[in-house]
Amino acid sequence: MICDDAPSADGNDRKEMSPNSNHLGSYQQCLVHEALSVDGADADSVHVGGAHDADADSLGSSHAGRPGAEGSAPCSYASFLPLWGSSRAAQVALAVVLSFGIGWLSSDVFSTRREGGGSTGHQQQVQDDDDTPPDLIWSDEFDGDSVDLSKWTFVNGNGCDVGLCGWGNNELEWYSPSNARVSDGHLTIEARKLLAPPGGGPVGYTSAKIVSKGKADFGVVDSDSDGGTEKSRRFEARMKLPWGQGIWPAFWMLPTYDAYGGWPKSGEIDIMENIGKEGPNTVHGTVHYGLDWPQHQYSEAGITLPARGSMPSYHPASGNLNETFHTYAVERLPGVMRWYVDDIMYSSVTKEEMKPYRWTFDEDFYFILNLAVGGNWPGNPVDKDDPDGNDATVFPQSLEVDYVRVYEGTFPRIAGKSVVSCSERGVVYEVVNAKDNEGSYTWSVPDYVTIQEGQGTSRVTVNLDYPMLESNIDSAVIHVKATNINDLSVQTSTALARLQEPGIGLRVKIVDLDAQCSSANTTMLVRKYNFDCGRPSACTPYVLSRTTEEFTCGERIEWLINEERKDEIDACHEVGYKQFHGHCGPCNPLVP
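Residues numbered from 1 in each chain as written. Predicted model: local features only at pLDDT ≥ 70, side-chain atom pairs only at ≥ 80, totals over all residues. Heavy atoms only, no water.

With that out of the way, let us pick up the packing of aromatic side chains. All told, the structure shown has 15 aromatic pairs when counted by the stated rule. Arranged with centres 5.6 Å apart and planes meeting at 20°, the rings of F251 and F367 form a pair that is stacked. Here the residue F251 occupies a position in strand β10 (residues 247-255), and F367 occupies one in strand β17 (residues 365-373), the gap between them amounting to 116 residues. Each member of the pair, F251 as well as F367, is classed as buried. Put simply, the rings of W138, W152, F218, F235, F251 and F367 pair up and form one aromatic cluster. Here the guanidinium or amino end of R234 rests over the ring plane of Y340, the centre of that ring lying 4.6 Å away. (Phe/Tyr/Trp six-rings, centres within 6.5 Å; stacked < 30°, edge-to-face > 60°. Helix = DSSP H or I, 4+ residues; strand = E, 2+ residues; numbered from the N terminus. Buried < 20%, exposed > 50% of the residue type's maximum accessible area, 1.4 Å probe, protein only. Lys NZ or Arg CZ within 6 Å of the ring centre and 35° of its normal.)

The following block contains the structure:
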């Protein structure tokens, strides 16, 4: 999930938000260890908040009286009465159910607490049979006729019962198990518009949310660098997305234990988020970390795939994300994470880049799947076409999930620069974690990239031909397929097959340093500054060129140095920590 003023993939800026108007929930993580909500008689429905949800780790104690979303007040026991009836018998029944649920919650779901990272006993191993790839360690293929409650727990309500009406983001949905179904090998989470909201309240939509906490929790495995390979875990779902203004599907992870404190100190991993107003083909991958709000940090990247009918020949993806199934994954190994769409790596973050903040992402995390409606980041659904160009939102909307899987092993990937200059030459890209075999690889690049040498091998050198760049191009996909699969020494069967078909890719951002190529292409324009805040690997020219409202991070730091006579470290700390911690945080040289 994206916080604060994170840049959208289309370059539109977002304003700084207060904790009560957080458009990506989780200004603090809502891990409600002692709150139980009942929907019908389903004892596997609990309130475990998360990525759209602000923190309630310690509700009832240190957070007593904290307001929920802006414009809404915390709810209480009485909030349930409209759903159960107002008679004395109904109130007694509700109290009994809640009492039973809280006891179950504390004795079962949260009875697995331990210290440190690694893997808990709640990973469910896939059966070892001839049909199971050896690298698949956990999965839900949704082959039954209902949600498997040995793997998932439902989340209910709208957050009011834990003082987070609208889940801390002014969301509009009421989560209910009745909005999730399993059939024909798919999980479908459906968002519906209501004519009569539950209890007559303000909620006008229903949806569903499931979590795997205490049932499927995963850390990282020790990476083996022997022979030039690395062992990692890949967390993946194959999904078909909904679409439309105000629609917000998410596939993400939260820490099983707050080993380093409440949100965001213990981290958050957003594998895939999509907001309808950006169109059907843009998704985001994000991590949240750092200090308590408002000095929290995040690292976010979005990727927009070409629409159906405009897919370049080199691009392996096809079809709009709301029309066909696509895979969304994050790869985790000690000190490193990488994001993928259809095996195209489009973002990564490392422990080194995150310094001086704590790296928390080797600990156990659990899955969350949900479909939110409305909120500060996506905006609300619209009943008719509006002046901003948003089409009327159609209901119902569905998030369809083919599978959720966890792989463990060695996965081939393309190594090389992920940010290049528009006129750069001699850039090297190489397939790693696979044996180098002459004639085994076929590389594909856009028209404005030329393969100088290496076609047919695992390593190519390319040049960028900037006169070929169109004014709106700011990225390229470098793609490779293995054409002689039997000669490759890849350790995991799934990775072996994918390297052959559809192949693997790397999204490369193209930047124009000081308008060397074309001043007309403002999407690429990046200035070079004579400072790096003492963090050259993190506070790059690309980061310094992020826009915060009207000015970039670099322009703000430069102004403080030149006009306010601050030294470089103080100026970087002022902008990266105190003023624009989201956009400019990588340039903060000091942590209190």
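Having seen it, we continue.
With antiparallel pairing, the four strands of this open sheet are ordered in space as β19-β21-β24-β23. Two strands in the sheet have a free side with no partner beyond their single neighbour: β19 (413-415) and β23 (449-453). Averaged over all pairs of adjacent strands, the angle between their axes in this sheet comes to 35°, without regard to strand direction. (Pairing = 2+ DSSP bridges. Axes fitted to C-alpha atoms, helices over the stretch in contact; angles between N-to-C directions.)

Turning our eyes to something else, we now look at the pairing of strand β9 (residues 231-240). Burial within β9 is extensive, with eight of its 10 residues counted as buried. Across 10 bridges, β9 lies against strand β18 (residues 397-410) in antiparallel orientation. Pairing of R234 across the sheet is with Y407, part of β18. Of the pairings in the sheet, the one linking β9 to strand β14 (residues 326-333) comprises seven bridges and is antiparallel in character. Residue M239 lies in a different strand from β14, and its bridge partner there is H326.

Bringing unusual backbone geometry into the picture now. For the peptide bond that leads from W263 to P264, omega is 0°, which places it in the cis range. Of note, P264 is situated in the loop between β10 and β11 (268-273). Backbone torsion omega between F395 and P396 reads 0°, so that peptide bond is classified as cis. In the Ramachandran plot, N170 falls in the positive-phi region, its phi being about 60° despite a non-glycine side chain. By the secondary structure assignment, N170 is in the loop between β2 (153-154) and β3 (173-175). Despite not being glycine, D342 shows a phi value in the positive range, around 50°.

What follows deals with the nonpolar core. With 54 residues, the main nonpolar core has L187, M239, I269, F367, L369 and V404 as its most contacted residues. Core analysis: the second largest hydrophobic core is formed by 28 residues, V427, V460, A482 and I510 among them. (Core = buried A, V, L, I, M, F, W, Y, C linked by side-chain atoms within 4.5 Å.)

Within strand β25 (residues 475-482), six of the eight residues are buried, leaving the element largely enclosed by the surrounding structure. In the sheet, strand β22 (residues 441-444) pairs with β25 via four bridges, with the strands oriented antiparallel. Looking across to β25, one finds that T442 is bridged to K481.

Attention now goes to the pattern of salt bridges. Counted under the stated rule, the structure contains 16 salt bridges. The salt bridge involving K240 is made with E400; its shortest N-O contact spans 3.6 Å. In this pair, K240 is assigned in strand β9 and E400 in strand β18, connecting sequence segments 160 residues apart. Taken together, the shared-partner salt bridges connect R234, E236, E331, R338 and D343 into one network. (Salt bridge = Lys/Arg side-chain N within 4 Å of Asp/Glu carboxyl O.)

To locate leftover empty space, one rolls a probe as large as a water molecule over the atoms. Under the definition given, this model contains two cavities of 30 Å³ or more. The volume enclosed by the second largest cavity comes to roughly 50 Å³. V420, Y429, V449, V462, L464, A476, I478, V508 and I510 are the residues that line the second largest cavity. Taken together, the elements giving at least two residues each to the lining of the second largest cavity come down to β24 (459-464), β25 and β26 (504-513). Within the lining of the second largest cavity, the residues separate by chemical class into nine nonpolar, no polar and no charged. (1 Å grid on protein atoms, 1.4 Å probe; cavity = no way out; pocket = protein on both sides within 12 Å on 5 of 7 lines; lining within 4 Å. Points joined across faces, edges and corners; volume = space filled by probe spheres on them. Nonpolar A, V, L, I, M, F, W, Y, C, P; charged D, E, K, R; others polar.)

On average, residues of the protein chain score 74 in pLDDT, and 66% of them reach the 70 mark or higher. For the stretch residues 1-122, pLDDT sits under 50, and the model shows 336 contacts to residues farther than four places along the chain or on other chains. Low confidence marks residues 126-134, where pLDDT is under 50. Its contacts with residues over four positions away, or in another chain, come to nine contacts. (pLDDT = per-residue confidence, 0-100. Contact = heavy atoms within 4.5 Å.)

So, about the environment of L291. Looking at the element boundaries, L291 is found in the loop between β12 (282-290) and β13 (296-304). Residues L291 and Y357, 66 residues apart in the sequence, show an inter-C-alpha distance of 8.1 Å.

For the structure on display, the rule yields four disulfides. C539 shares a disulfide with C587; S-S distance 2.0 Å. Disulfide C539-C587: the torsion about the S-S bond is 90°, which places it as right-handed. Placement of the pair is C539 in the loop between β27 (525-526) and α5 (541-544) and C587 in the segment after α8 (581-584), with a sequence separation of 48 residues. The class for C539 is buried, based on a relative accessible area of 2%. Between the sulfur of C553 and that of C584 lies a disulfide, 2.0 Å long from S to S. Linking C553 and C584, the disulfide has an S-S dihedral of approximately -85° and is accordingly described as left-handed. On the criterion of sequence distance, the pair formed by C553 in helix α6 (residues 553-562) and C584 in helix α8 is long-range, its members being 31 residues apart. (Disulfide = S-S within 2.5 Å.)

Before going further, it helps to spend a moment on helix α7 (residues 568-579). Between the first and last C-alpha of α7 there are 15 Å, a value that for 12 residues agrees with the 16 Å anticipated at 1.5 Å per step. Of the positions making up α7, those classed as buried are A571, C572, H573, E574, V575, G576 and Y577. Close packing links the buried residues of α7 with β13, α6 and α8. The N-capping residue of α7, defined by a side-chain oxygen 3.3 Å from the backbone nitrogen of I569, is D567. (Expected span 1.5 Å × (residues − 1). Polar contact = N/O pair within 3.5 Å; in protein donor to acceptor, adjacent residues only side chain to side chain.)

Among the residues of α6, those classed as buried are C553, G554, R556, I557 and L560. Down the axis of α6, the smallest arc covering the buried residues is 165°, so these residues share one side. Its buried side turned inward, α6 meets α5, β28 (547-548), β29 (551-552), α7 and α8. (Arc of directions from axis to C-beta.)

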